[in-house]
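Here are the chains, one letter per residue:
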Amino acid sequence: MKRFDIVIVGAGMAGASLAAEVAPFASVAMIEAEALPGYHATGRSAAFWTESYGGPGVQPLTSASGKFLAAPPEGFSERGFLTPRRALHLAAEADFAALDAFEARFAGSGVALEPLDGAAIAALVPGLRPGPWRGLLEASTADIDVAALHAAYLRAAKAAGAELICAAPLRSADREGGRWRIDAGNALTIEADVLVNAAGAWADEVAAIADAAPLGIRPYRRTIAQLRVTPPAPSALPLVIDAAERFYFKPESGGRLWLSPHDETPAPAADAAPHEIDVATAIDRMGGVVDWRVDRVERSWAGLRSFAPDRLPIYGFAEDRPGFFWFAGQGGFGIQTAPAAAKLGAALLGKVAPDPMLAHVDAVRYAPGRFSR
């Protein structure tokens, strides 16, 4: 029998970052269903940090995480995780209203959005087809080294004494005498005071296993394809995001391009796979913007983005189940918000005082109890 203060279900970015924050103050284990951590959403990220991504309700967490990601504290990483990229929110004439609405949503937020006309856009995006076009440049956007960040959190958690147990799917979780008795498969039984649900697309399933009320977290498939194009994608190309949310693309090494149809297809919690029609749709949509020739699709993949009904993350203790802590519903923004989210989670668990990073983060808006009010 293994005994811990806190057991975290899931060792992707959510579970690893939270473990790193709380392990210095509590005994912690992460139980991961897969043979290696980060196999699902964490390992399939589009790998960018954009303050506007996820909407105004998520933006405070993203903005709060920026300094940490750009210049991590000593001992956490020898280098930062961000590389400047910029984002261009692009609108054809039919979508000018959508672009205006997007800009209005972030008024007063501190997110800098610079209006661009067609000539300025053409200078940023070679091969741009005839317009009219309008755009907003989000200069703070950066590429993020997801693998390095995840590895750094796992190292920090391990250094603080946290234990990572892989190939350990949650089978049962019963609350007895103020403690959890957890069956993690392979004859592994664990006891803990607190059970943390950081299971991503499986979050509602984990809640049901622990006899906590599911909160309506639903997984959605998102597709990305890596392309060879002619001319090669310039390395200075910004992340280009369609204002009507029909595609986005960004350059990768060697003139390659990462392209997504910005799909959100309801899907079961499983090992997501790309569909050829989604890749073809993305290529067709990009073809209406630039005149590049697609030489080949080198590879494609899909991941699951899991959302609560209001599309905000869920952080905090369940009101209906003592000792059950939600750390889920992080959509496609769990990577870019990881530092602030993990520090918020540690504070809500009662292990540390709120970090100054959280000065402009309202924890109440992310509380699981909001769904019962």
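Only a predicted model underlies this, so the values are computations on that prediction, with no experimental measurement involved.

**Student:** So what about the environment of Phe247? Which residues, and what values?
**Tutor:** Along the polypeptide, Phe247 turns up in the loop between β14 (239-242) and β15 (248-251). Assessed through its relative accessible area of 4%, Phe247 is described here as buried. In this structure the C-alpha to C-alpha distance between Phe247 and Pro261, which are 14 residues apart in sequence, comes to 4.2 Å. Excluding anything up to four places from it in sequence, Phe247 contacts Val240, Ile241, Asp242, Ser260, Pro261, His262, Arg285 and Val289.

**Student:** So what's going on with the packing of helix α2 (residues 59-70) against helix α8 (residues 338-348)? Residues and values would help.
**Tutor:** Think of two packed helices as two axes; the pair is described by the angle between the axes and how far apart they sit. Interhelical geometry of α2 versus α8 gives an angle of 105 degrees and a closest axis separation of 6 Å. Comparing their axes, α8 and α2 come out roughly perpendicular. Contact residues: Leu61, Ala64, Ser65, Phe68 and Leu69 in α2; Ala338, Pro339, Ala340, Ala341, Lys343 and Leu344 in α8. Its residues assigned to classes, the contact of α2 with α8 comprises nine nonpolar, one polar and one charged.

**Student:** Quick one: what's the story with the nonpolar core, residue by residue and with numbers?
**Tutor:** Considering soluble globular proteins, one finds that nonpolar side chains tend to be buried as a cluster. With 61 residues, the main nonpolar core has Ile6, Ile8, Val28, Leu149, Tyr153, Val196 and Phe327 as its most contacted residues. If one sorts the elements of this core by residue count, helix α1 (residues 13-22) sits on top with seven residues. When residues no more than four places from it in sequence are discounted, the contact partners of Leu149 are Met13, Leu69, Phe76, Phe81, Ile144 and Ile335.

**Student:** Got a sec to walk through a negative patch on the surface? Specific residues and values, please.
**Tutor:** Taken together, Asp174, Glu176, Asp211, Glu319 and Asp320 make up a surface patch of like negative charges. Inspection of the secondary structure puts Asp320 in the loop between β19 (314-317) and β20 (324-328).

**Student:** Summarise the sheet that holds strand β8 (residues 142-144); cite the residues concerned and give the values.
**Tutor:** Taking strand neighbours across the sheet as the criterion, the three strands line up as β3-β8-β4 in an open arrangement whose pairing is antiparallel. Each edge of the sheet is formed by a strand with only one pairing partner; in this case those strands are β3 (48-49) and β4 (82-84). Looking at chain direction, β4 and β8 are connected through three bridges and run antiparallel. By the bridge assignment, Pro84 is partnered in β8 with Ala142.

**Student:** Now, about unusual backbone geometry: what can you tell me, with residues and values included?
**Tutor:** The amide bond that connects Gly131 to the next residue, Pro132, takes the cis arrangement and shows omega of 15 degrees. By the element assignment, Pro132 lies in the loop between α4 (118-124) and β7 (133-138). Not every positive phi belongs to a glycine, and Ala167 is a case in point at roughly 55 degrees. Examined against the element boundaries, Ala167 turns out to sit in the loop between β9 (163-165) and β10 (172-176). The phi dihedral of Glu245 is positive, around 60 degrees, even though this residue is not glycine.

**Student:** Residue-level account of the packing of aromatic side chains, with values.
**Tutor:** Counted according to the given criterion, the structure contains 17 aromatic pairs. On the basis of an interplanar angle of 70 degrees and a centroid distance of 5.6 Å, the ring pair of Phe249 and Trp292 is categorised as edge-to-face. In this pair, Phe249 is assigned in strand β15 and Trp292 in the loop between α7 (276-287) and β18 (293-307), connecting sequence segments 43 residues apart. Pairing Tyr315 with Phe327 gives two aromatic rings, centres 4.9 Å apart and planes at 40 degrees, and the pair type is tilted. Separated by 12 residues along the polypeptide, Tyr315 in strand β19 and Phe327 in strand β20 bring together distant segments of the chain. Classification of Tyr315 as buried rests on a relative accessible area of 1%. A connected cluster of aromatic rings, assembled from ring pairs, spans Phe68, Phe76, Phe81 and Tyr153.

**Student:** Quick one: what's the story with the pairing of strand β16 (residues 256-260), residue by residue and with numbers?
**Tutor:** The two faces of the sheet receive side chains in turn, since in a regular strand these alternate between them. With four of its five residues buried, β16 lies for the most part within the structure. Relative to β16, β15 is paired through four bridges, and the arrangement is antiparallel. Residue Pro251 lies in a different strand from β16, and its bridge partner there is Leu257. Hairpin connection between β15 and β16: a loop of four residues separates the two successive antiparallel strands, and Gly254 in this loop has a positive phi of roughly 70 degrees.

**Student:** Just give me the short version of α2, but keep the residues and values in it.
**Tutor:** In this model, α2 (12 residues) spans 17 Å end to end at C-alpha, consistent with the 16 Å of a helix rising 1.5 Å per residue. Here α2 lies mainly inside the structure; nine of its 12 residues are buried. Within α2 the residues assigned to the buried category are Gln59, Pro60, Leu61, Thr62, Ala64, Ser65, Gly66, Phe68 and Leu69.

Scoring rules and cut-offs
- Throughout this document, residue positions are counted from 1 along each chain, in the order its sequence is written.
- The model is predicted, so local features are restricted to residues of pLDDT at least 70 and side-chain atom pairs to those at 80 or more, both for listing and for counting; the totals for chains, interfaces and linings are taken over all residues.
- The basis for every side-chain value is the complete set of heavy atoms in the structure, and neither hydrogens nor water enter the calculation.
- Runs of E in the DSSP output that reach at least two residues are strands. Runs of H or I that reach at least four are helices, and both are numbered from the N terminus.
- Note on exposure labels: buried denotes an accessible area under 20% of the residue type's maximum, exposed denotes more than 50%, and partly exposed covers the range between, all computed with a 1.4 Å probe on protein chains only.
- In what follows, residue pairs with any heavy atoms lying within 4.5 Å of each other are defined as contacts.
- Whenever a helix is involved, its axis is fitted only over the stretch in contact; in every case the axis is a line through C-alpha atoms, and angles between N-to-C directions fall within 0 to 180 degrees.
- Any angle that falls under 35 degrees is termed roughly parallel, while one over 145 is termed roughly antiparallel, one within 65 to 115 roughly perpendicular, and all others oblique.
- Three residue categories are used. Nonpolar comprises Ala, Val, Leu, Ile, Met, Phe, Trp, Tyr, Cys and Pro, charged comprises Asp, Glu, Lys and Arg, and polar comprises the others, including Gly.
- Nonpolar cores are built from buried Ala, Val, Leu, Ile, Met, Phe, Trp, Tyr and Cys residues. Side-chain atoms within 4.5 Å join them into one set.
- Residues forming no salt bridge and having over 30% relative accessible area are the ones grouped into patches, like charges within 9 Å of each other and nonpolar side chains (Val, Leu, Ile, Met, Phe, Trp, Tyr) within 5 Å.
- In short, Shrake-Rupley with a 1.4 Å probe defines the accessible areas, and a residue's cover is counted only from the protein chains shown.
- Salt bridges are identified by distance alone: a Lys or Arg side-chain nitrogen within 4 Å of an Asp or Glu carboxyl oxygen.
- We score Asp and Glu as negative and Lys and Arg as positive, and we do not count His or the chain ends.
- To locate a charge, the coordinates of NZ of Lys, CZ of Arg, CG of Asp or CD of Glu are taken.
- Criterion used throughout: strands pair if DSSP finds at least two bridges between them.
- Side-chain rings of Phe, Tyr and Trp (the six-membered ring for Trp) are treated as a pair once their centres are within 6.5 Å; stacked means planes under 30 degrees apart, edge-to-face means over 60, and tilted covers the remaining angles.
- The span one expects for a helix is its residue count, reduced by one, times 1.5 Å.

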